[in-house]
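# Tertiary structure, described
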Amino acid sequence: MTAPKKIKNALVSVYHKDGLEDILTKLHHDGVAFYSTGGTQSFIESLGFPCQSVEGLTGCPSILGGRVKTLHPKVFGGILNRRENAGDQAQIAQYEIPEIDLVIVDLYPFRETVASGASEADIIEKIDIGGISLIRAAAKNFNDVIIVASKAQYLAFNQLLTEKGASSDLADRKWFAKEAFAVSSGYDTAIFNYFDAGENSYFRQASDEVNRLRYGENPHQKAVFFGDLNAMFEQLQGKEISYNNLLDINAAVDLISEFDELTFAVLKHNNACGIASRTTVKEAWEAALAGDPVSAFGGVLICNAKIDAAAAEEIHKIFFEVIIAPAYDIEALEILKQKKNRIILIQKQTAGEKLQFRSLLNGVLVQDKDLNIQTADDLKTVTTTSPTTQEIEDLLFANKLVKNTKSNAIVLAKAKQLCASGVGQTSRVDALRQAIEKAHSFGFDLKGAVMASDAFFPFPDCVEIAHDAGITAVVQPGGSIKDDLSIEYCNKNKVSMVMTGIRHFKH
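The paragraphs below set out a description of the structure included in this document. (Residues numbered from 1 in each chain as written. Predicted model: local features only at pLDDT ≥ 70, side-chain atom pairs only at ≥ 80, totals over all residues. Heavy atoms only, no water.)

## Re the overall build of the chain
The following threshold applies: A helix here means a DSSP run of H or I that spans at least four residues, while a strand means a run of E at least two residues long, and both kinds are numbered starting from the N terminus. Atoms counted for the radius of gyration: C-alpha only. Globule rule: 2.2 Å times the number of residues to the power 0.38. For the exposure calls, accessible area comes from a 1.4 Å probe over protein chains only, and a residue counts as buried if that area is under 20% of its type's maximum, exposed if over 50%, partly exposed in between. Every residue pair with non-hydrogen atoms within 4.5 Å of one another is taken to be in contact. Per-residue and other accessible areas follow the Shrake-Rupley method at a 1.4 Å probe size, with only the shown protein chains counted as cover for residues.
Of the regular secondary structure elements, the chain holds 18 helices and 23 strands. Computed over its C-alpha atoms, the radius of gyration of the chain comes to 31 Å, more than 25% above the 23 Å expected for a compact globule of 507 residues. Its C-alpha atoms put the chain at 100 × 50 × 40 Å along the principal axes. Within the chain, the fraction of its 507 residues that count as buried is 47%. Look at the contacts in the chain between residues 6 or more apart in sequence, and 56% of them connect residues 24 or more apart. Summing over all exposed atoms, the chain offers an accessible surface of approximately 24900 Å²; the carbon and sulfur share of this is 52%.

Pasting the structure below:
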């Protein structure tokens, strides 16, 4: 094991100074000399610590409006020289370059500037040049130099100073180097994606938010979630959110985002087993639960309205994993919190993602998210019988649901309530028969119900089976060369059919 290396000289140049004072104080007390620039130098000196300017070290002033401050051999030579290399040591002695053993630097807030809607000129000025170069140089020479590349690492470095003083082991320096390259690569990714402007010229994604999960889809699989869950949800209580919970939560959020009126949904394995739109949360919950009270056990619940005490009393009667809503009454929370492991989430208003990624084979699939929501104006009646006003409402309801159901999918709905779904079948006929059988098993009368299909009907068999079960209206994208066969059957049997022109496969 290599001996610890003492920090003698530190270059400090940061945008964020919160949390820096304690670090600087410990370094000063251990005899570390400081080099700095501009505002950071003033901050160090305001603490009563001596600090040499980088300009004084290099003999060159900051130029080009601050674009060039640290880009100089006396700075980078001090960082990159190899302490055990005789040639390097001879050169830094020849040019009177001090060794720099610690670099504390952060980067201009590029992401934040883009997010603020700033002008392109302001955004470009927030592309850091000197800082990113210092990070890479110090991280490359981790054998001799320790790099603190972000305010997110202040805490870890402060703890190191507390434990070891102004010195570090090779393992310490290598860990900070790894963290530094994560910072630099994420920063460059943000810049690239700004210039790429959604063209997907190359696949570059990065996340600084790391959530290590208990396990993956199964206990023998490791799993990590990269993303900021706290930006989307506030967890009020419950156990740690699992991999499978996250999949269901994602499906639930996607589904409920389709609905403006008060709606409650129950999901299991990424598919809705119950959903209904009603005037009160309690009524919506009871109608959603009726869709499949068996599958609701252990499910994920979501509502787009505040959960009140009356609804909570009924919801509390079953076992479920997660409940999501924009808000909860105090009385409702007192009821729901009686089961300590229940995950209770408040969904925040956030902008949804517009891209989807899926790893497969030796690469990654990227596609636009299916954000197309049909309205009544998008429904083209193709039969002699037109749907009634109530049927149109049910057709739109069912179409939103089938869009968020695993293909091949058929949805049967009535009075803005899911009667049953046929989910993930290799045959659309099988999906329909599954839905009919399930609806009957839970006591639903399908007379006057509607049917939604995620893709076209290649043959008239589905509309025949649906009509025999009592279905009176159908919505589908259309596009089969044999559409006329299904339309002809509907015309003969006074079944209305509308087409949207939009397929909603989900695999």
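## As for the pairing of strand β19 (residues 410–413)
Let me state the cut-off plainly: Any two strands are treated as partners once DSSP identifies two or more bridges connecting them.
Burial along β19 is two-sided: Ile410 and Leu412 facing one way and Val411 and Ala413 facing the other are all buried. Pairing between β19 and strand β20 (residues 418–422): 4 bridges, direction antiparallel. Counted as the bridge partner of Leu412 is Ala420 from β20. As consecutive antiparallel partners, β19 and β20 are separated by 4 residues, and within that stretch Ala415 has a phi angle of approximately 55°, a positive value. Alignment of β19 against strand β21 (residues 450–453), held across 4 bridges, turns out to be antiparallel. Each bridged residue has a counterpart across the sheet, and for Ala413 the counterpart in β21 is Val450.

## Focus: helix α2 (residues 38–46)
Applied cut-off: Within this analysis, the arc is defined by the directions that extend from the helix axis to the C-beta atoms.
Those residues of α2 that sit buried are Thr40, Gln41, Phe43 and Ile44. Buried residues along α2 cover an arc of 160° about the axis, so they all sit on one side. In the segment just after α2, Gly48 is the residue with positive phi, at about 90°.

## Observations concerning a nonpolar patch on the surface
As a reminder of what qualifies: Like charges are joined within 9 Å and nonpolar side chains (Val, Leu, Ile, Met, Phe, Trp, Tyr) within 5 Å, but only among residues with over 30% relative accessible area and no salt bridge; these make up the patches. In the sections that follow, a salt bridge refers to a side-chain nitrogen of Lys or Arg positioned within 4 Å of a carboxyl oxygen of Asp or Glu.
A surface patch of nonpolar side chains, amounting to about 320 Å² of accessible area, comprises Phe203, Phe357, Val364 and Val366. Counting through the fold element by element, Phe203 comes out in the loop between α10 (170–196) and β8 (210–212). In this structure Phe203 comes out as partly exposed when scored by relative accessible area, which is 41%.

## Description of the environment of Asp292
Our working rule: Between N or O atoms, a polar contact is any pair within 3.5 Å; within protein, one atom must be a potential hydrogen donor and the other a potential acceptor, and residues adjacent in sequence are included only when both atoms are from side chains.
Its location among the elements puts Asp292 in the loop between α12 (281–290) and β13 (299–303). C-alpha separation for the pair Asp292 and Gly165, spaced 127 residues apart in sequence, amounts to 62 Å. Those residues in contact with Asp292 that lie beyond four places of it in its chain are Cys273, Lys438 and Phe442. For Asp292, the side chain forms a polar contact with the side chain of Lys438, separated by 2.7 Å.

## Looking at the pairing of strand β5 (residues 102–105)
Burial along β5 is two-sided: the face carrying Leu102 and Ile104 and the face carrying Val103 and Val105 are both buried. With 4 bridges joining them, strand β2 (residues 9–13) and β5 adopt parallel strand pairing. Each bridged residue has a counterpart across the sheet, and for Ser13 the counterpart in β5 is Val105. Summarising the sheet, β5 and strand β6 (residues 146–148) pair through 3 bridges and their orientation is parallel. Note that in β6 the partner of Val103 across the bridge is Ile147.

## Digging into the sheet that holds β5
Pairing within the open sheet is parallel, and its 5 strands lie in the order β4-β3-β2-β5-β6. At either end of the open sheet lies a strand with only one pairing partner, and these are β4 (52–53) and β6.

## A look at the packing of aromatic side chains
Definition in use: Each aromatic pair joins two rings of Phe, Tyr and Trp (for Trp, the six-membered one) with centres within 6.5 Å, and gets the label stacked for planes under 30 degrees apart, edge-to-face for over 60, and tilted for any other angle.
Across all of its chains, the model carries 12 aromatic pairs by this definition. Consider the rings of Phe34 and Phe49, whose centres lie 6.4 Å apart with planes at 35°: the pair is tilted. Here Phe49 lies in the loop between α2 and β4 and Phe34 lies in strand β3 (residues 33–36), a separation of 15 residues in the sequence. Looking at Phe49, the relative accessible area reads 9%, which means it is buried. In this structure an aromatic cluster arises from ring pairing among Phe110, Tyr187, Tyr194 and Phe195.

## Section: the environment of Ala290
As for its position among the elements, Ala290 is in helix α12. Dropping the residues within four chain positions of it, Ala290 is found in contact with Gln417, Phe442 and Phe444.

## What about the nonpolar core?
The condition is simple: Note on terminology: a nonpolar core comprises buried Ala, Val, Leu, Ile, Met, Phe, Trp, Tyr and Cys residues joined through side-chain atoms within 4.5 Å.
Counting 38 residues, the largest nonpolar core has Ile249, Leu255, Leu267, Ile275, Ile302, Ile324 and Leu345 as its most contacted members. Looking at this core, the element that brings in the most residues is helix α11 (residues 243–256), giving 7 residues. Beyond its immediate chain neighbours, meaning those up to four positions away, Ile249 contacts Phe233, Ile241, Val322, Ile324 and Leu345. Of all hydrophobic cores here, the second largest spans 29 residues; its members include Ile79, Ile100, Ala137 and Ala190.

## A closer look at the pattern of salt bridges
The tally for this structure, following the rule as stated, stands at 22 salt bridges. Of the charged contacts in the structure, one is a salt bridge between Lys5 and Asp144, with a shortest N-O distance of 2.2 Å. In this pair, Lys5 is assigned in strand β1 (residues 5–6) and Asp144 in the loop between α8 (130–140) and β6, connecting sequence segments 139 residues apart. Across the pair Lys317 and Glu314 runs a salt bridge whose closest N-O atoms are separated by 3.1 Å. The class for Lys317 is exposed, based on a relative accessible area of 60%.

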